[in-house]
Amino acid sequence: MSATKNIPRVHKFFHQFEGITTLRDDKYISEWNEYTDKLTKTPNDPNLWCQRALVCLKEGYPEIALIDAKRVLLLCDEIKDNIELQKISYKGRYYYAEALRALGLPGMSASEYEILKDLSETFNKTKKEKFQILALKLRQLSNIRIQVSPDGTAEPKNELLLKEISIRWGFTSPIILSYVDCGWFRFNGQYPWDKRPNERISATILRELQKQLDNASNKKLKVVLRKLPPDSVKESKMTIHLGVESIKDFTTHEIILEEDPFIAGHNHFSNRCEYCTLELVEKPGHPRCSVKYPCHNSRCKELFCNKKCYKLAMKLYHKRLCGKSIDTIIRSAQRVRPGWNHIFILVLKLFALAKERDINPLDIKEIKHLSRQHANSYYEGHLPWDSEYEIIYFEILKLAEISLYDLQYDFWVFITLMAILGVNVFSGEGNIRDTHGIFPLTSLFNHSCNPLVIHMNATERYFRKDLTQQFMELRQKYQQIDCNRFRFTTIALQNVMKGQEIFTCYIDTIDDKQQRQSKILYTYGFICHCDKCEADPQCHFSLPGAICWNLHYYTDNDESFLSQFKCLNLE
Ligand SMILES: C[S@@+](CC[C@H](N)C(=O)[O-])C[C@H]1O[C@@H](n2cnc3c(N)ncnc32)[C@H](O)[C@@H]1O
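Residues numbered from 1 in each chain as written. Predicted model: local features only at pLDDT ≥ 70, side-chain atom pairs only at ≥ 80, totals over all residues. Heavy atoms only, no water.

Student: What is the right way to look at the overall build of the protein chain in this model?
Tutor: Summing up its helical and strand segments, the protein chain has 20 helices and 20 strands in all. Relative to its full complement of 571 residues, the protein chain shows a buried share of 56%. Counted over contacts in the protein chain with a minimum sequence separation of 6, partners at least 24 positions apart contribute 73%. A total of about 25,300 Å² of accessible surface is found on the protein chain, and carbon and sulfur atoms cover 52% of it. (Helix = DSSP H or I, 4+ residues; strand = E, 2+ residues; numbered from the N terminus. Buried < 20%, exposed > 50% of the residue type's maximum accessible area, 1.4 Å probe, protein only. Contact = heavy atoms within 4.5 Å. Areas by Shrake-Rupley, 256 points an atom, 1.4 Å probe, with all protein chains shown as cover.)

Student: Please clarify how the pattern of salt bridges should be interpreted in this entry.
Tutor: Between side chains of opposite charge, pairing is possible as soon as their charged atoms come close. The final tally for this structure, using the stated rule, is 33 salt bridges. One salt bridge connects K127 with E18, and the closest N-O pair in it is separated by 2.5 Å. Taken as a pair, K127 in helix α7 (residues 125-144) and E18 in the loop between β1 (16-17) and β2 (20-21) lie far apart in primary sequence, 109 residues in all. With its nearest N and O atoms 3.4 Å apart, the salt bridge here joins E199 to K368. (Salt bridge = Lys/Arg side-chain N within 4 Å of Asp/Glu carboxyl O.)

Student: Got a minute to help me understand the site of the ligand in this structure?
Tutor: Residues in close proximity to the ligand total 17 residues, the closest being R200, L242, Q373, N446 and H447. Within the backbone of L242, a nitrogen or oxygen atom sits 2.7 Å from an oxygen atom of the ligand. Between the ligand and N446 there is a distance of 2.6 Å, counted from a nitrogen atom to a side-chain nitrogen or oxygen. Protein chains bury 95% of the 560 Å² of accessible surface belonging to the ligand in isolation. Elements with a minimum of two residues in the shell around the ligand: β6 (240-246), α15 (411-424) and β16 (446-447). Counted by class, the shell around the ligand contains 8 nonpolar, 8 polar and 1 charged residues. (Near = heavy atom within 4 Å. Polar contact = N/O pair within 3.5 Å; in protein donor to acceptor, adjacent residues only side chain to side chain. Nonpolar A, V, L, I, M, F, W, Y, C, P; charged D, E, K, R; others polar.)

Student: Sorry if this is basic, but what is going on with helix α2 (residues 29-41) here?
Tutor: Residue pairs three or four apart in sequence face the same way in an α-helix, which turns once every 3.6 residues. The end-to-end C-alpha distance of α2, which contains 13 residues, comes to 19 Å, matching closely the 18 Å that a straight helix rising 1.5 Å per residue would cover. Three or more residues of α2 are buried, namely I29, W32, Y35, T36 and L39. Each buried residue of α2 lies within a common arc of 120° when the element is viewed along its axis, so the set occupies one face. (Expected span 1.5 Å × (residues − 1). Arc of directions from axis to C-beta.)

Student: Would you mind going over the side chain of S448 with me for this structure?
Tutor: Position of S448 among the secondary structure elements: in the loop between β16 and β17 (453-457). Judged by relative accessible area, which is 6%, S448 ranks as buried. At a separation of 3.0 Å, a polar atom in the side chain of S448 contacts the main-chain amide nitrogen of N450. When neighbours within four sequence positions are excluded, S448 is seen to be in contact with F503, T504, C505 and C530.

Student: What am I meant to see in the sheet that holds strand β8 (residues 263-266) here?
Tutor: The pairing of strands in a sheet comes from backbone hydrogen bonds and takes either a parallel or an antiparallel form. Spatially, β8-β15-β14 is the arrangement adopted by the 3 strands of the open sheet, whose pairing is antiparallel. Two strands bound the open sheet, and with one partner strand each, they are β8 and β14 (425-427). On average, each strand axis in the sheet is inclined to that of its neighbour by 25°, with strand direction left out of account. Direction of pairing for β8 relative to strand β15 (residues 435-438): antiparallel, over a ladder of 4 bridges. Directly across from G265, in β15, lies its bridge partner H436. (Pairing = 2+ DSSP bridges. Axes fitted to C-alpha atoms, helices over the stretch in contact; angles between N-to-C directions.)

Student: For this particular structure, what's the right way to read the packing of aromatic side chains?
Tutor: What describes a pair of aromatic rings is the distance from one ring centre to the other and the angle between the planes of the rings. Applying the stated criterion to the full structure yields 34 aromatic pairs. Plain terms: the ring middles of Y506 and Y524 are 4.6 Å apart, the flat faces sit at 45° to each other, and that makes the pair tilted. Taken together, the positions of Y506 in the loop between β19 (503-504) and α17 (513-524) and Y524 in helix α17 put the pair 18 residues apart, joining distant regions of the chain. For Y506, a relative accessible area of 26% puts it in the partly exposed group. For Y524, a relative accessible area of 15% gives the class buried. Above the face of the W49 ring, R71 is positioned so that its terminal group lies 4.3 Å from the ring centre. (Phe/Tyr/Trp six-rings, centres within 6.5 Å; stacked < 30°, edge-to-face > 60°. Lys NZ or Arg CZ within 6 Å of the ring centre and 35° of its normal.)

Student: I tried to follow the sheet that holds β17 on my own but got confused; where do I start?
Tutor: Read across the open sheet, the 3 strands follow the order β7-β18-β17; overall the sheet is antiparallel. Sheet topology places β7 (255-259) and β17 at the edges, where each strand pairs with a single neighbour. Neighbour to neighbour, the strand axes of the sheet diverge by 25° on average, direction disregarded. In this sheet, strand β18 (residues 488-492) lies alongside β7 in antiparallel orientation, the contact comprising 4 bridges. Its bridge partner being in β18, L257 is matched across the sheet by T490.

Student: Please clarify how the side chain of K349 should be interpreted in this entry.
Tutor: Relative to the elements of secondary structure, K349 occurs in helix α13 (residues 342-357). The buried category is assigned to K349, whose relative accessible area is 1%. At 2.7 Å, the side chain of K349 and the backbone oxygen of A264 are in polar contact. Apart from residues no more than four positions distant in its own chain, K349 is found in contact with I263, A264, G265, E274, Y317 and L321.

Student: Honestly, the packing of helix α12 (residues 327-336) against α13 in this entry has me stumped. Any pointers?
Tutor: Each pair of packed helices can be summarised by the angle the axes make with each other and by the distance between the axes. Close contact between α12 and α13 brings their axes to 9 Å; oriented N to C, the two are set at 140°. It follows from the interaxial angle that α12 and α13 lie oblique. Residues I329, I330, A333 and V336 of α12 lie in contact with α13, whose contacting residues are F344, I345 and L348. Looking at the contact of α12 with α13, its residues break down into 7 nonpolar, no polar and no charged. (Parallel < 35°, antiparallel > 145°, perpendicular 65-115°, else oblique.)

Below, the structure is given as structure tokens:
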């Protein structure tokens, strides 16, 4: 990766808070644990949330600080005429502003600092002046901030700007800029207080998974532990992974695994079954759609394809969500990434289900083992931050009737769950963004561009011309037995020997090596070293040359950055 001499890369990654560089050296984690313990006993204490927000800022978790600070503001707002609470509330706002700044949302941060500079005695004159200067700088920065359109296509203005930056700072390969209104936060799939990633490869979980695999594969498959080459998972410490091996020989086209989705969801752009996502129509007669079966609650807008799906949804999550509108989530999700509502809909369902079971969503036994390795390698250990996350998280809690102060459903759980889903959901029927499902066992297969197996289902998503006959038979069989329409079937593409690791392909095999590797790295966070990639003389995909993380960091210590930036011809 080519970094420039002019810009020390490391400087870009760290945020300064009151002279403290947030190095993530776990110095403050014991304090975080202490406050969290106390908060389980007194969840409505704004002072404790305020202290925890500060600790998160110091340790370098602004995304967690942001929500803690928001809790402070909400709790203090309830009792307006208490001077002590007012002071805590001002501090909360300060941490909120600082968290927004660290996340790379200068405009929103400026608004908070503008409010703060006019606030009372809690802050001395020097501090208020500091707020005023900061507000001004952040506002300026927000006005000149680089933005790219949400789908990543560079507009002519951005093209020009990128060229300027490349020349000025000597970058030789492409630069990634954030989405409109997006920032960045560092995340490697695991918060330091979360010990679950170790449990997911424990003997108990493996035994449990094996039992389920025995059932779904008719004792043909075995779950195994795999050590991944460290260079294929650059930003993650989690190098021990799960995978699947054959217990016996298979012949070509043999069915080796059948699985129904644990939870599925659709984008709500068309009428689909809320449980299995099958497309719905008004009248009977359509060969592949079902007639609408409305929810029994006349105030609920959700539809199902039959009573069975309705009952299954009720049993898992629908009872809690029945009759409630998800419009706010859809609206916000559309702003984050148009067309991609499904991750949030799935998170909503998982939160509702966890609340029904009174557990942390990460402890849902069906998904507890899923991998957390995700796309962050592409962004040097960061994920894009969108301000809508805050709104969506609050709305999910509201819809699932979960208190904002209930630590089982804390914000870090939401972030972790989104990362887990990012690499573990499969598209189903319709356009690629229409329907998605979580298949806990099918998710165990690792990737190879030269796969041994392929997924088929009764829809056309995984249809391949050379497998037309198998596909038609499968569709007919599934219609006859009236099983879940999103059932996934994994079949062997060639003869497989007992003891071989079974690989599937996560992407389109017709792409060339660089396209495949870039897609894999971008979505799944690893560099593919499969036989096909290694045998191909085309070079390995290389990471983008530079990523402009939260550009405003430069202003902290580098006044010249802002002026340089301003001189760039944006018109
Ligand atoms: C759907 S999961 C597959 C099961 C996963 N190995 C586990 O431990 O649960 C996808 C994740 O597995 C890892 N993975 C799958 N195939 C891989 C490969 N060929 N090389 C490196 N990592 C791989 C990546 O971290 C990816 O994000």
